[in-house]
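Now for the letters of each chain:
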Amino acid sequence: MGKVGASFDECIPNNDETSIKRNRTGVARKEIEREAGVQIVIGKRIGKVQARIKEIYTYREMIAALVKRDLKGRYKGSALGFLWTFLNPLFQLAVYTMVFSVIMKSGIEDYYLFLFVALIPWIFFGTSLTGGAGCILAQQDMVKKIYFPREVLPVSFVVSQFVNMLLSFVVIFLVLLFAGYSLNPLALLCLPAIMAVEFVLALGFTMAMSAVTVYLRDMEYILGIISMAWQFLTPVMYSLEQVPEDVRWMFSVNPMTYVITAYRDILYFGKLPRLHTLVSALCLGVLALAVGWMAFCRLQRHFAEEM
């Protein structure tokens with residue numbers, strides 16, 4: 001009887017076990033609902049981003065017109081005109097070469113080439129950062145009177161500087177060929193990729209800084225100091241190997257370190273950039289664009305009121 005009673009008791013469901021199963025089922029449902037909710041939110045945000053990109057694309061003619069106006073009007077009235085696009089980096093190259101090859105000898109072979117292939121990309125980034133900060137304020141009458149995606153202004157400014165860099169690259173290739181450097185065709189295939197990464201990086205910072213400058217007008221002047229310090233903390237005028245080990249961590253969080261290193265690998269050393277360099281540059285570039293665009297979207301709501 002004892003055995004029969006025991007087996008009979010085992011057939012009766014335990015209330016504690018039943019409640020535990022119910023709780024587990026409820027928790028599982030909540031997790032599924034939470035995941036579904038997150039997916040819906042992410043889907044909506046992706047949809048908004050796609051819609052915004054399409055809207056900006058519909059204003060591509062406006063972007064092209066602003067780029068043309070900037071390129072034509074940049075040196076309007078000057079005697080040499082568009083030649084200053086090539087002369088500015090050449091003069092900077094001459095100064096830096098004299099300082100680091102004659103006065104403070106760096107010991108780097110063909111230092112003028114070592115510097116030049118990094119200086120042109122840095123000029124693009126630095127100009128986008130400092131000059132782009134005021135691109136919204138420079139068009140404040142347009143912002144107040146007509147509707148258009150406000151992103152058009154930083155995009156057109158960065159595109160204009162990017163075209164300027166591409167024209168300067170003609171000089172880089174001529175100097176490399178004149179110096180007898182053989183270009184690696186396989187490495188050159190990576191050049192458009194690193195240019196695109198730098199463009200994305202510059203656009204992200206320009207978007208953020210142009211929006212902040214609407215509220216804080218001093219940002220234009222602050223960025224001039226930041227840009228100068230940033231250049232010296234980027235291996236433009238020296239190699240990364242010359243940086244002491246105990247401070248090299250600062251360069252690892254600098255996105256321009258990877259960009260400049262990739263340019264130098266391709267053009268000066270004639271070799272393929274390391275995969276780590278390309279991936280790091282890409283990740284930091286996308287992150288900069290995402291954060292910069294988010295900041296721009298939040299701050300643009302009150303542009304008209306602040307101008």
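In what follows, the structure referred to is the one given above.
This is a predicted model, so every value here is computed, not measured.

Draft legend 1. Examining the pattern of salt bridges more closely. Counted by the stated rule, this structure contains three salt bridges. In this structure, arginine 52 engages glutamate 55 in a salt bridge whose closest nitrogen and oxygen atoms are separated by 3.0 Å. Residue arginine 52 and its partner glutamate 55 are both found in helix α2 (residues 15–58); the two are separated by three residues, about one turn of the helix. With relative accessibility at 18%, the residue arginine 52 sits in the buried group. With a relative accessible area of 23%, glutamate 55 lands in the partly exposed category. The residue glutamate 151 makes a salt bridge to arginine 52 at a minimum N-O spacing of 2.9 Å. Here glutamate 151 is found in the loop between α7 (140–145) and α8 (152–178), whereas its partner arginine 52 is found in helix α2, with 99 residues between them in sequence.

Draft legend 2. Quick peek at the packing of helix α5 (residues 111–132) against helix α11 (residues 219–232). Remark: α5 packs on α11, axes separated minimally by 10 Å, with the N-to-C direction vectors making an angle of 160°. Between α5 and α11, the crossing angle belongs to the class labelled roughly antiparallel. Both α5 and α11 take part in a crossing whose hand is right-handed. Touching Leu119, Trp122, Phe125, Gly126, Leu129 and Thr130 of α5 are Leu223, Gly224, Ser227, Trp230 and Gln231, all from α11. Residues that form the contact of α5 with α11 fall into these classes: six nonpolar, five polar and no charged.

Cut-off values and rules
Residues numbered from 1 in each chain as written. Predicted model: local features only at pLDDT ≥ 70, side-chain atom pairs only at ≥ 80, totals over all residues. Heavy atoms only, no water. Salt bridge = Lys/Arg side-chain N within 4 Å of Asp/Glu carboxyl O. Helix = DSSP H or I, 4+ residues; strand = E, 2+ residues; numbered from the N terminus. Buried < 20%, exposed > 50% of the residue type's maximum accessible area, 1.4 Å probe, protein only. Axes fitted to C-alpha atoms, helices over the stretch in contact; angles between N-to-C directions. Parallel < 35°, antiparallel > 145°, perpendicular 65-115°, else oblique. Left-handed = near helix turned anticlockwise from the far one by under 90°. Contact = heavy atoms within 4.5 Å. Nonpolar A, V, L, I, M, F, W, Y, C, P; charged D, E, K, R; others polar.

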